[in-house]
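# Observations on chain architecture
Below, each chain spelled out in residue letters.
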Amino acid sequence: FPSFLLSLPQLAYFDIRFNSFDGDLPTSLFTHSNIDAIFVNNNQLSSTIPSSISQSIASVIVLANNNPQDVYHPPLVPCSPNEFVFLNNQLTGCIPDSIGLLTELTVFDVSSNLLTGSLPMTIGNMTKLEDFNVADNELVGDIPSQICDLQGLQSFNFSSNFFTGEPPNCIALALCGCTIYDSANCILEARPNQRS
């Protein structure tokens, strides 16, 4: 990881994606006083995610498609991101209730990980959310109706999990132009393409 770049005091846009960088994500990546965008996706980073991510002032954080060996679910409460993309990182654990504190978030993508548990109702507090993707995890339970009450939601992908219930307002969203992906779950209420 090219940590020396973080010593640049006016660094505002950190983009090292699509390389072969490996090793740890330094704490200072998320505590830098000026970085507004962090793109470290598509590398071979293999560390745990520093808890300092909760101190980041970046509006965009993209850590997708790395090669973690020992990644645990971090506290998902960065200060005020607009986009948070963590897909395909072997993240484990549950999505915490504190996710609802990300009220400025428009894109949240943690698809293709190993997340478990249910979706918190507090996601209904994320009133600016437009694109919400939790597909290809091991999530269970019912989809909270609060998510499908979000007025700006344009795409909601929760396919390939083990959800057992989908509220009527989610199905109604599909009729109003929002793209809903619910296949490969365990929803029995006449939803097509479910798990056997």
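Right, let's walk through the structure included here.

Calculation criteria
- Residues numbered from 1 in each chain as written.
- Predicted model: local features only at pLDDT ≥ 70, side-chain atom pairs only at ≥ 80, totals over all residues.
- Heavy atoms only, no water.
- Helix = DSSP H or I, 4+ residues; strand = E, 2+ residues; numbered from the N terminus.
- Buried < 20%, exposed > 50% of the residue type's maximum accessible area, 1.4 Å probe, protein only.
- Pairing = 2+ DSSP bridges.
- Axes fitted to C-alpha atoms, helices over the stretch in contact; angles between N-to-C directions.
- Salt bridge = Lys/Arg side-chain N within 4 Å of Asp/Glu carboxyl O.
- Disulfide = S-S within 2.5 Å.

The residue Gln 90 is not glycine, and still its phi comes out positive at about 60°. The topology assignment puts Gln 90 in the loop between strand 6 (83–85) and strand 7 (92–94). Within the chain, Asn 193 stands out as a residue other than glycine whose phi angle is a positive 55°. Within the fold, Asn 193 resides in the segment after strand 14 (179–181). For Asn 193, a relative accessible area of 62% puts it in the exposed group.

Take the sheet that holds strand 6 next. Through backbone hydrogen bonds, the strands of a sheet pair up, either in parallel or in antiparallel fashion. Overall, parallel pairing links the 8 strands, which are arranged 1-3-5-6-8-10-12-14 in an open sheet. At either margin of the open sheet sits one strand with a lone partner, and together these are strand 1 (13–15) and strand 14. On average, adjacent strands in this sheet sit at an angle of 5° to one another, irrespective of strand direction. With 3 bridges joining them, strand 5 (residues 60–62) and strand 6 adopt parallel strand pairing. Its bridge partner being in strand 6, Val 60 is matched across the sheet by Glu 83.

The tally for this structure, following the rule as stated, stands at 4 salt bridges. The salt bridge partner of Asp 15 is Arg 17, with a shortest N-O separation of 3.0 Å. Residue classification places Arg 17 among the partly exposed positions, given a relative accessible area of 31%. The salt bridge partner of Lys 128 is Glu 104, with a shortest N-O separation of 2.7 Å. With Lys 128 in the loop between strand 9 (114–117) and strand 10 (131–133) and Glu 104 in the loop between strand 7 and strand 8 (107–109), this residue pair connects regions lying 24 residues apart in the sequence.

We now examine the environment of Ser 33. As for its position among the elements, Ser 33 is in the loop between helix 1 (28–31) and strand 3 (37–39). As for Ser 33 and Gln 55, which are separated by 22 residues in sequence, their C-alpha atoms are 9.9 Å apart.

The subject of this paragraph is the state of the cysteines. Here, disulfide denotes a covalent bond that connects the sulfur atoms of two cysteines. Evaluated as defined, the whole model comprises 1 disulfide. In this model, Cys 148 is linked to Cys 170 through a disulfide, with the two sulfur atoms separated by 1.8 Å. Between Cys 148 and Cys 170, the S-S torsion sits near 85°, and that sign places the bridge as right-handed. In this pair, Cys 148 sits in helix 2 (residues 145–148) while Cys 170 sits in helix 3 (residues 168–175), placing the two residues 22 residues apart along the sequence.

These figures come from the coordinates and say nothing about function on their own.
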